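Coordinate inspection notes
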Amino acid sequence: MRVHGSREGMEVSLRERGPKAPGKRELHRASNDRHVEGRYWSVLGLCEIANFASLRRHLGRARADSLVLDVARRLSDIVPDIRIAAAGRAVIEIAFERESPEEAADDIDRISKGFLRALDLDGEPHQLDMHFGVAAAPLVEDDEVLLAEAAESALDQARIDGRVVMLDLSRADLAFDKLTLMRELPRAIANGEMFLQYQPKVHVRRQEIASAEALVRWQHPTRGLILPGDFISVAEQAGEISTLTLWTLRQVIEDQKKLREDGFDMLLFVNISGQLLADPAFVDEVCGMLATADAKLGFEITETAVIRDPESAIRHLQFFADSGVTLAIDDYGAGLSSLAYLKKLPARELKIDKMFVTQLTSSNRDPLIVRSTIDLAHALEMEVTAEGVETPSALALLSVMGCDMVQGFLISRPLGLDAFRKFLADDGHLENASGPASFVRPESFWKRA
Ligand code: C2E
Ligand code: CA
Ligand code: CA
């Protein structure tokens, strides 16, 4: 759904986001409160001052830096009940709830029209060119991450189109017709619609970024961003997972070269579907690729994949290990487990599934499971990564338990290559960081990424 880009209007308290990601949490609670009042749609918008650079040239840096306050004031004049937060010097995040997407679209329409009128900046009228990227989802299906990612992808589209873009994430829209997706996938891979994001894994004791995991995304021309949970199984069923994974591997090898040029020579992990461990053509192709590329790769595989056809999986994994690939066991504890196979796998790393980690400090059982898994992995001479680390308290507990590496939103969301390079470049000051909590980045960082 798209709407075109009016009107005006009070005192705004612009909420800079806190150091972790509390904004999201607050937003969520507010949403649920509204739910009781019968507002069923959650709306998240990103409003970007497109001509920020030229305004800064004219106004000077200091004044330009407070432009978001002027924008926030106008926004709340137009729609008084919206919540507003700065997401950078030129981007403002807005959030509100409505009874229907049509009602939400009306408000967005009023907002965009409201910026057609010049803003009074210290007595001088200035026209702000705005880009609006908006996502709306039914509150019952509210997924903050999905909503934020959809708003970002809507903003990307708005920059290209030069107009307001609003994505409707209702299940009706998202109830992907898997068959259609299956048909579209080969073209999407060939057309460059897939892209990778990287999520760092931090070594707790060494206080450094040990490696990163590549996660694939599909930027669909009409549906917007599609996350792997919605298309990996489609790719498997469509027989396209090999093509997709080979594309991913080539891209990761290329990206690794760029990271090296920046001075970051790090191991990059790729998720390898269980299906592929039984596919000799895939294994041959990958071994050939590894022989020619000067790459430092890791593969994440699930134990369930191995248990399905252990003999060929273990043989193929050994080929990969012999070619210099670091193997990590993914989602440990979430699927089938077998100590017999665990012992036989040439894996160097074990990743504890996020379902145990996100509940770590609120559950009685999960800390016991995590602790004993860490001890087990160490006994098998594997390093342990906890995924889904979202809070400083989880990080602190994992650190005490002897967990080697952590990965999760606390440290960073998955980032596109450029943002990831920026993340690494900004990391210099961490060398002297005293505690793991210093990896926490301000929310504004992610927003600009
Ligand atoms: P995974 O391998 O378990 O990847 C981690 C997932 O957890 C990612 O979701 C990531 O965005 C999310 N995550 C990271 N940190 C946190 C956190 O602190 N809290 C929570 N709640 N979640 C966090 P994503 O990117 O949607 O990927 C979903 C799954 O799709 C992956 O799960 C992986 O199994 C699969 N996948 C992703 N890329 C590929 C690929 O290139 N090939 C294959 N075969 N599978 C892939
Ligand atoms: Ca993984
Ligand atoms: Ca995982």
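Residues numbered from 1 in each chain as written. Chains lettered and ligands numbered in written order. Predicted model: local features only at pLDDT ≥ 70, side-chain atom pairs only at ≥ 80, totals over all residues. Heavy atoms only, no water.

1. Some points on the coordination of the calcium ion (ligand 2)
Cut-off, in case you're wondering: For Na, K and Ca the donor cutoff is 3.2 Å, while for all other metals N, O and S atoms must lie within 2.8 Å; water is not among the atoms, so some sites may look incomplete. Classification of residues uses two cut-offs on accessible area relative to the type maximum, computed with a 1.4 Å probe and protein chains only: under 20% is buried, over 50% is exposed, and between them is partly exposed.
Only E213 (OE), N271 (OD1), E300 (OE) and D330 (OD) from the protein reach the calcium ion (ligand 2) as donors, at distances of 2.2 to 2.3 Å. Expressed as a motif, the donor residue spacing for the calcium ion (ligand 2) is E-x57-N-x28-E-x29-D. Residue class for E213 comes out buried when judged on its relative accessible area of 5%.

2. Quick look at the coordination of the calcium ion (ligand 3)
Heads up, the condition is: Helix and strand assignments follow DSSP, with helices taken as H or I runs no shorter than four residues and strands as E runs no shorter than two, numbered in order from the N terminus.
Protein-derived coordination of the calcium ion (ligand 3) comes from D330 (OD), D331 (OD), E387 (OE) and E387 (OE), at a distance range of 2.2 to 2.4 Å. Positions of the donor residues of the calcium ion (ligand 3) along the chain correspond to the pattern D-D-x55-E. Distance-wise, the calcium ion (ligand 2) is placed 3.8 Å from the calcium ion (ligand 3), both being coordinated by D330. In this pair, D330 is assigned in strand β14 (residues 326-332) and E387 in strand β16 (residues 383-387), connecting sequence segments 57 residues apart.

3. Comments concerning the nonpolar core
Threshold: Note on terminology: a nonpolar core comprises buried Ala, Val, Leu, Ile, Met, Phe, Trp, Tyr and Cys residues joined through side-chain atoms within 4.5 Å. We call two residues in contact whenever any of their non-hydrogen atoms come within 4.5 Å of each other.
Among the nonpolar cores identified, the biggest contains 79 residues, and M194 and F320 are the most heavily contacted of them. With eight residues, helix α10 (residues 241-261) is the single largest residue contributor to this core. Residues contacting M194, with those up to four places away along its chain left out, are L185, A188, I189, V216, R217, W218, F231, L244 and W247. V79, I82, A90 and A104 belong to the second largest nonpolar core, which has 34 residues in total.

4. Here's the deal with the confidence of the model for the protein
Spelled out, the test is: The pLDDT value expresses, per residue, how confident the predictor is, ranging between 0 and 100.
Looking at the protein as a whole, the pLDDT averages 83, with 84% of positions reaching at least 70. A low-confidence stretch, residues 1-37 (pLDDT under 50), is modelled with 109 contacts involving residues beyond four sequence positions or located in other chains. A low-confidence stretch, residues 440-449 (pLDDT under 50), is modelled with 41 contacts involving residues beyond four sequence positions or located in other chains.

5. Brief notes about the packing of α10 against helix α11 (residues 280-292)
Test applied: Axes, fitted as lines to C-alpha atoms, cover a helix only where it is in contact. Angles between the N-to-C directions of the axes lie from 0 to 180 degrees. Just so you know how the angles are binned, under 35 degrees is roughly parallel, over 145 roughly antiparallel, 65 to 115 roughly perpendicular, and the rest oblique. All residues other than Ala, Val, Leu, Ile, Met, Phe, Trp, Tyr, Cys, Pro, Asp, Glu, Lys and Arg, Gly among them, are scored as polar; the first ten of these are nonpolar and the last four charged.
For the pair α10 and α11, the least separation of the axes is 11 Å and the interaxial angle reads 10°. Considering their axes alone, α10 and α11 lie roughly parallel with respect to each other. Across from S242, T245, L246, L249, R250 and I253 in α10, the residues of α11 making contact are F282, E285, V286 and M289. Its residues placed into classes, the contact of α10 with α11 shows six nonpolar, two polar and two charged.

6. Let's talk about the pattern of salt bridges
When charged atoms on two side chains of opposite charge get close, those side chains can pair. Threshold: Here a salt bridge means any side-chain nitrogen of Lys or Arg lying within 4 Å of a carboxyl oxygen belonging to Asp or Glu.
Under the criterion given, the structure shown has 25 salt bridges. Two residues, E208 and R206, come together in a salt bridge whose shortest N-O distance is 3.6 Å. A relative accessible area of 37% means that E208 is categorised as partly exposed.

7. Topic: the environment of V384
Take V384: it is sitting in strand β16. Residue class for V384 comes out buried when judged on its relative accessible area of 0%. Through-space distance from the C-alpha of V384 to that of R348 is 8.8 Å; in sequence the pair is 36 residues apart. Beyond its immediate stretch of four places on either side in the chain, V384 contacts L350, I352, I374, A377, H378, C403, D404 and M405.

8. Looking at the pairing of β16
To keep it simple, the criterion reads: Two strands qualify as a pair provided that DSSP identifies no fewer than 2 bridges between them. The path from the first strand over the helix to the second decides the hand: if it runs clockwise while the strands point away from the viewer, the crossover is right-handed.
β16 sits mainly inside the fold: four of its five residues count as buried. Here strand β15 (residues 349-352) runs beside β16; their pairing, made up of four bridges, is parallel. When the sheet's bridge partners are listed, K351 is paired in β16 with T385. Bridge analysis of β16 against strand β17 (residues 405-407) gives three bridges, and the strand direction is parallel. If you follow T385 over to β17, its bridge partner there is M405. With helix α17 (residues 392-401) bridging β16 and its parallel neighbour β17, the resulting β-α-β unit is right-handed.

9. Here we look at the environment of R73
By the element assignment, R73 lies in helix α4 (residues 67-78). In sequence terms R73 and I84 are 11 residues apart; their C-alpha atoms lie 9.4 Å from each other.

10. With respect to the site of ligand 1
Quick reminder of the rule: In this text, near means that some heavy atom of the residue lies within 4 Å of the molecule or strand in question. The term polar contact refers here to a pair of N or O atoms within 3.5 Å; inside protein, the definition further demands a hydrogen-donor-capable atom paired with an acceptor-capable atom, and it admits residues adjacent in sequence only when both atoms are side-chain atoms. Accessible surface is estimated by sampling points in the Shrake-Rupley manner with a 1.4 Å probe; for residues, cover comes only from the protein chains shown.
In the vicinity of ligand 1, 19 residues are found, and the nearest of them are Q199, R217, D330, E390 and F409. E213 places a polar side-chain atom, nitrogen or oxygen, 3.1 Å from an oxygen atom of ligand 1. Within the side chain of K354, a nitrogen or oxygen atom sits 3.2 Å from an oxygen atom of ligand 1. Here ligand 1, which alone exposes 800 Å², has 82% of that area covered by the protein.

11. Some thoughts on a negative patch on the surface
Just so we agree on the cut-off: Residues enter a patch when their relative accessible area is above 30% and they make no salt bridge; the linking distance is 9 Å between like charges and 5 Å between nonpolar side chains (Val, Leu, Ile, Met, Phe, Trp, Tyr). Counted charges follow a simple rule, with Lys and Arg positive, Asp and Glu negative, and His plus the chain ends left uncounted. Think of each charge as sitting on NZ of Lys, CZ of Arg, CG of Asp or CD of Glu.
Among the surface-exposed residues, E99, E102, E103 and D106 lie close enough to one another that they form a single negatively charged patch. Within the secondary structure, E99 is located in the loop between β4 (91-98) and α5 (101-114). Residue class for E99 comes out partly exposed when judged on its relative accessible area of 48%.

12. Points about unusual backbone geometry
Its identity as a non-glycine residue notwithstanding, D122 has a phi of 50°, on the positive side. Here D122 shows up in the loop between β5 (119-121) and β6 (124-126). Not every positive phi belongs to a glycine, and E381 is a case in point at roughly 60°.

13. Some remarks on helix α13 (residues 310-322)
How we decide: Every helix has an expected span of 1.5 Å times one less than the residues it contains.
Between its first and last C-alpha, α13 extends 18 Å over 13 residues, near the 18 Å set by a 1.5 Å rise per residue. Within α13, burial applies to P310, S312, A313, I314, H316, L317 and F320. Looking at the buried side of α13, the elements it contacts are α11, β13 (297-302), α12 (303-308), β14 and α14 (339-344). Of the residues flanking the end of α13, it is G324, one or two places downstream, whose phi is positive at about 95°.

14. With respect to the packing of aromatic side chains
Inclusion rule: Two rings belonging to Phe, Tyr or Trp (six-membered ring only in the last case) form a pair when the distance between their centres is within 6.5 Å. Interplanar angles under 30 degrees mark stacking, angles over 60 mark edge-to-face geometry, and anything in between is tilted. As a reminder, the over-ring test applies to NZ of lysine and CZ of arginine, requiring each to be within 6 Å of the ring centre and within 35 degrees of the ring normal.
Under the defined criterion, the tally for this structure stands at five aromatic pairs. Arranged with centres 5.7 Å apart and planes meeting at 20°, the rings of Y198 and F420 form a pair that is stacked. Placement of Y198 in strand β9 (residues 194-203) and of F420 in helix α18 (residues 417-425) is noted, with a sequence separation of 222 residues between them. F420 shares its class with Y198; the two are buried. Seen in terms of ring centroids, F420 and F423 are 6.4 Å apart; in terms of plane orientation they differ by 10°. Their pairing is stacked. Placement of both F420 and F423 in helix α18 is noted, with a separation of three residues, approximately one turn of the helix. Connected via pairs of aromatic rings, a cluster forms that spans Y198, F420 and F423. One residue, K201, lies across the ring of F269, its end atom 3.4 Å from the ring centre. Over the ring of F409 we find R413; its NZ or CZ atom is 4.2 Å from the centre of that ring.

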